[in-house]
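# Structure at a glance
Chain by chain, the residues run as shown.
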Amino acid sequence: VQLQASGGGLVQPGGSLRLSCAASRRFFSINEMGWYRQAPGKQRDLVATITSGGSTNYADSVKGRFTISIDIGANTVFLQMNSLKPGDTAIYYCAARETGYALFNSWGQGTLVTVSS
């Protein structure tokens, strides 16, 4: 499946952004979607995941601030980011785990989020 991420940009601390990730086909073949991020000089880390059944998981650093959701009809997963901090600055990648795969097997191109005053 091909993934197209969008919605990144420059935002001030305390602000909000919503990232979108559109999949090239319907979610019935996808068991899980996720968002990861990679800050300069650091490894890629998990931000949030959501299963086809709607179960969610968040990194401790974003709990209570970020929300992952799915619009099944639009084949799109969202990441609503509130109360953004400079430490949230990173390239955000969406990922999909398709049926038959134990790990995320498809990745989007990334969208840059910069939190700065």
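See above for the structure.
All of the points below concern the structure found in this document. (Residues numbered from 1 in each chain as written. Predicted model: local features only at pLDDT ≥ 70, side-chain atom pairs only at ≥ 80, totals over all residues. Heavy atoms only, no water.)

### Some points on the packing of aromatic side chains
Overall, the coordinates contain three aromatic pairs when judged by the stated rule. One aromatic cluster is present, formed by Tyr36, Phe104 and Trp107 through successive ring pairs. Across from the ring centre of Phe78, 4.1 Å away, lies the NZ or CZ of Arg18, which sits over that ring. Taking NZ or CZ as reference, Arg44 lies 4.9 Å from the ring centre of Trp107, over its face. (Phe/Tyr/Trp six-rings, centres within 6.5 Å; stacked < 30°, edge-to-face > 60°. Lys NZ or Arg CZ within 6 Å of the ring centre and 35° of its normal.)

### Comments concerning unusual backbone geometry
Here Asn75, not a glycine, exhibits a phi torsion of approximately 55 degrees, which is positive. Assignment of secondary structure puts Asn75 in the loop between strand E7 (66-71) and strand E8 (76-81). In this structure, Ser83 takes a positive phi of about 50 degrees despite not being glycine. Within the secondary structure, Ser83 is located in the loop between E8 and strand E9 (90-98). (Helix = DSSP H or I, 4+ residues; strand = E, 2+ residues; numbered from the N terminus.)

### Structural notes on the layout of surface pockets
Reported here for the largest pocket is a volume of approximately 160 Å³. As for the largest pocket, its lining consists of 13 residues, and the residues nearest its centre are Arg37, Ala39, Lys42, Asp45 and Gly87. Broken down by element, the lining of the largest pocket gets its largest block of residues, three residues, from strand E5 (residues 44-51). For the lining of the largest pocket, a count of residues per class yields six nonpolar, four polar and three charged. (1 Å grid on protein atoms, 1.4 Å probe; cavity = no way out; pocket = protein on both sides within 12 Å on 5 of 7 lines; lining within 4 Å. Points joined across faces, edges and corners; volume = space filled by probe spheres on them. Nonpolar A, V, L, I, M, F, W, Y, C, P; charged D, E, K, R; others polar.)

### Quick word on the state of the cysteines
Enumeration according to the criterion identifies one disulfide in this entry. The disulfide that involves Cys21 links it to Cys94, with 2.1 Å between the sulfurs. Disulfide Cys21-Cys94: the torsion about the S-S bond is 60 degrees, which places it as right-handed. Here Cys94 lies in strand E9 and Cys21 lies in strand E3 (residues 17-23), a separation of 73 residues in the sequence. The same class applies to Cys21 and to Cys94, which are both buried. (Disulfide = S-S within 2.5 Å. Buried < 20%, exposed > 50% of the residue type's maximum accessible area, 1.4 Å probe, protein only.)

### Quick word on the sheet that holds E8
Read across the sheet, four strands follow the order E1-E3-E8-E7 without closing on themselves; strand pairing throughout is antiparallel. Either end of the sheet is taken by a strand with one partner, and the two such strands are strand E1 (3-6) and E7. The sheet shows a mean angle of 15 degrees between the axes of neighbouring strands, direction not considered. Bridge count between E7 and E8: six bridges; the pairing is antiparallel. Among the inter-strand pairings, Ile68 is bridged to a residue of E8, identified as Leu79. (Pairing = 2+ DSSP bridges. Axes fitted to C-alpha atoms, helices over the stretch in contact; angles between N-to-C directions.)

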